[in-house]
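Structure assessment
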Amino acid sequence: MDRALIEASRRRCEQSGLSPLDSVDKEKLAGERLAAVLERHEPLLLHARPIFEHLEQAMAGRAYTAVLVNYRGWILLRAGRIGDAAADEALDVGTNWSEESKGTNAMGLVLQEKQPVVIHGEHHFYQDHHFLTCAASPVYAPDGTFCGAVNISTQKENYHPLLLSLTSTISDALQAHMRADSRSEEEQFLLRELEETSKLAGLPLVTLKDNRYVIRANDRAKAMLGSHIIGKELPAGYKGMSGSTISRRSLMILHPETRSDLYTFHDIAGSCPSILRVKQLAERAAGSDYPVIIYGESGTGKELLAQAVHTAGIRAMRPFVALNCSAIPEQLVESELFGYEKGAFTGAAQRSTGKFEAAHQGTIFLDEIADLPLHSQGALLRVIQEKTITRIGGIKPIPIDVRIISATNKNLRREVEEGRFREDLYYRLKGIHLTLPPLRERTDLQTLCGVLLEQLGEGSRTLCPEALEKLEAHRWPGNVRELQSVLMQALFYTDEPFIGPEAIQLEAPYERSAGTSLDLHEVEKSTIVQALQESGTISKAAEILGITRSTLYKKIEKYEIEL
């Protein structure tokens, strides 16, 4: 959004005597006055109605409303509903959204400036409109006459970065209709493209000729393929899902082929509402290039989620570089992050590329970011602000373009308050924050166990109810990582198709002991007693312990264990 245009609009409003705290003008045409305005614009409405009929279907239940205003700001046509009674009434046919009537708003600003614009939340002049986000694009007749604008409005919480692109697509379709009375081949395709775009806003869309040459691409697709892709062949390494095909032209949703060694959203298992919500938010995050912070206890799958965000995003074909900030000695952090020149310090026998440089045009994942030393936090902040790095011992700034995804099991806000984390860096990293639930709070343990058994190559084996109860009663301090370890141990203990509770070893006997100085004979005795209790028979206990029955009898006698 152009701040200069918004400030100029606000000044015009103030100079005309409007106040942000005033009640908004609710003038609305009705009866003969409205009929006269609609009749005067019937040629425009004739072409707009088919498009708005498609929009009405596409926007059903989505809390968005699209309107067409004339060059004076009167709403002529509408599709969809926001779901707020006052907002829907204010955006009804016959209401006026010129700057003089409604202050700074997207429609009024387009009428003034004749260019696409987004007005978000508090950028509206009137406080009564601060809950809205509006995007509008101008509409021109075939002879170049300015007709008005297409606008999409919603509550600001529902803002989507592609709203403005969608209004431009609608405007393009409307202008194509007006360029010819008959529904030409191009018109049909624009309408179909509009339908697909309405449903798939946020995805990279291209129009291909003969399934090879890119003849149209939206902003997301250009971000992936480059701004000069029009007229060129679709590069290798991209695949897509075809939407519509008309006369050798096809609309395609692009999907970059991803590295097979990285996780995707398909790999995030679970049916719990909390994990499904995190996946939903993460998929939306993948469609942007904003920084992401992932919160979660150890073992909840933070790096898995980070990789999935990367592989679903526009940088999927580029590197994914991970760094555990807590695993590097403090004096080596900056050389790991930014690299170093030959001779920069003792032992620097040759130049070394840092993680940021290695991740250029891709994603860098900073795990355990809260453990980054304070002096290194300052260096990281400079890199984020300046988008350049300088190797240790070097003098030449190196431009870098990376998306930063960070993760921590600590409360970063509290770390800031207690002086262990820089507040300015915190806000630079906190574009989008996602929180993975701990395993103890999830309701899909049985589903998760099935998936993990499948991954361990034992999908045909299942947990009996008693074993599942034992697992559900555990607190899981190690979360999914601990569950996977327990299931590995259970598979080792038993070859039966049904895994019983005796195979579920939540702790080894030695781990249950009071301390590491426990006598080894006591450990052996405790292990034998446990095996006997859980198996119920000498033969099964001997099998669990990996010894013969005769050896087990001797040890029972040795330790005076009562059967």
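The paragraphs below set out a description of the structure included in this document. Just so we're clear, the structure is a prediction, and the values are computed from it rather than from any experiment.

**Here we look at helix 6 (residues 106-113)**
Most of helix 6 is tucked away: six of the eight residues are buried. Tucked inside the fold, the buried residues of helix 6 contact helix 1 (3-15), strand 1 (64-70), helix 5 (99-102), strand 3 (117-120), strand 4 (132-140) and strand 5 (146-155). Measuring from the side-chain oxygen of the N-cap residue of helix 6 to the backbone nitrogen of Met107 gives 3.0 Å; that N-cap residue is Asn105. Following helix 6 by one or two positions, Lys114 adopts a phi angle in the positive range, close to 60°.

**Things to note about the packing of aromatic side chains**
In the structure shown here, the tally under the stated rule is seven aromatic pairs. Here Tyr140 and Phe146 contribute two aromatic rings whose centre-to-centre distance is 5.6 Å and whose plane-to-plane angle is 65°, an arrangement assigned as edge-to-face. You can call Tyr140 partly exposed: its relative accessible area is 29%. With 6.1 Å between their ring centres and 20° between their planes, Phe320 and Phe365 make a pair best called stacked. In this pair, Phe320 sits in strand 11 (residues 320-324) while Phe365 sits in strand 14 (residues 363-367), placing the two residues 45 residues apart along the sequence. Overall, the relative accessible area of 9% leaves Phe320 in the buried class. With relative accessibility at 0%, the residue Phe365 sits in the buried group. When the ring centre of Trp97 is taken as reference, the NZ or CZ atom of Lys102 above it lies at 5.4 Å. Here the guanidinium or amino end of Lys114 rests over the ring plane of Phe146, the centre of that ring lying 4.8 Å away.

**What about the packing of helix 17 (residues 445-455) against helix 19 (residues 479-493)?**
Where helix 17 meets helix 19, the axes come as close as 10 Å, and the angle between the chain directions of the two elements is 60°. Classed by the angle they form, the pair helix 17 and helix 19 counts as oblique. In terms of crossing hand, the pair formed by helix 17 and helix 19 is right-handed. Only Val480, Leu483, Gln484, Leu487 and Leu491 of helix 19 make contact with helix 17, whose side of the interface consists of Leu445, Leu448, Cys449, Leu452, Leu453 and Gln455. Taken together, the residues that form the contact of helix 17 with helix 19 break down as nine nonpolar, two polar and no charged.

**A word on the pattern of salt bridges**
In the structure shown here, the tally under the stated rule is 25 salt bridges. For Lys28, the salt bridge is made with Asp92, and the minimal N-O distance between the two is 3.1 Å. In this pair, Lys28 sits in the loop between helix 1 and helix 2 (31-40) while Asp92 sits in the loop between helix 4 (85-90) and helix 5, placing the two residues 64 residues apart along the sequence. The exposure class of Lys28 is partly exposed, given its relative accessible area of 39%. The exposure class assigned to Asp92 is partly exposed, which follows from its relative accessible area of 27%. The closest approach of N and O atoms between Glu357 and Arg391, which form a salt bridge, is 2.7 Å. Of the two residues, Glu357 is situated in helix 13 (residues 355-358) and Arg391 in the loop between strand 15 (388-389) and strand 16 (398-399); the sequence distance between them amounts to 34 residues. The class of Arg391 is buried, set by a relative accessible area of 11%. A network of salt bridges, in which partner residues are shared, links Lys28, Arg78, Asp88 and Asp92.

Procedures and definitions
Residues numbered from 1 in each chain as written. Predicted model: local features only at pLDDT ≥ 70, side-chain atom pairs only at ≥ 80, totals over all residues. Heavy atoms only, no water. Buried < 20%, exposed > 50% of the residue type's maximum accessible area, 1.4 Å probe, protein only. Helix = DSSP H or I, 4+ residues; strand = E, 2+ residues; numbered from the N terminus. Contact = heavy atoms within 4.5 Å. Polar contact = N/O pair within 3.5 Å; in protein donor to acceptor, adjacent residues only side chain to side chain. Phe/Tyr/Trp six-rings, centres within 6.5 Å; stacked < 30°, edge-to-face > 60°. Lys NZ or Arg CZ within 6 Å of the ring centre and 35° of its normal. Axes fitted to C-alpha atoms, helices over the stretch in contact; angles between N-to-C directions. Parallel < 35°, antiparallel > 145°, perpendicular 65-115°, else oblique. Left-handed = near helix turned anticlockwise from the far one by under 90°. Nonpolar A, V, L, I, M, F, W, Y, C, P; charged D, E, K, R; others polar. Salt bridge = Lys/Arg side-chain N within 4 Å of Asp/Glu carboxyl O.

Read these as geometric descriptors, not functional statements.
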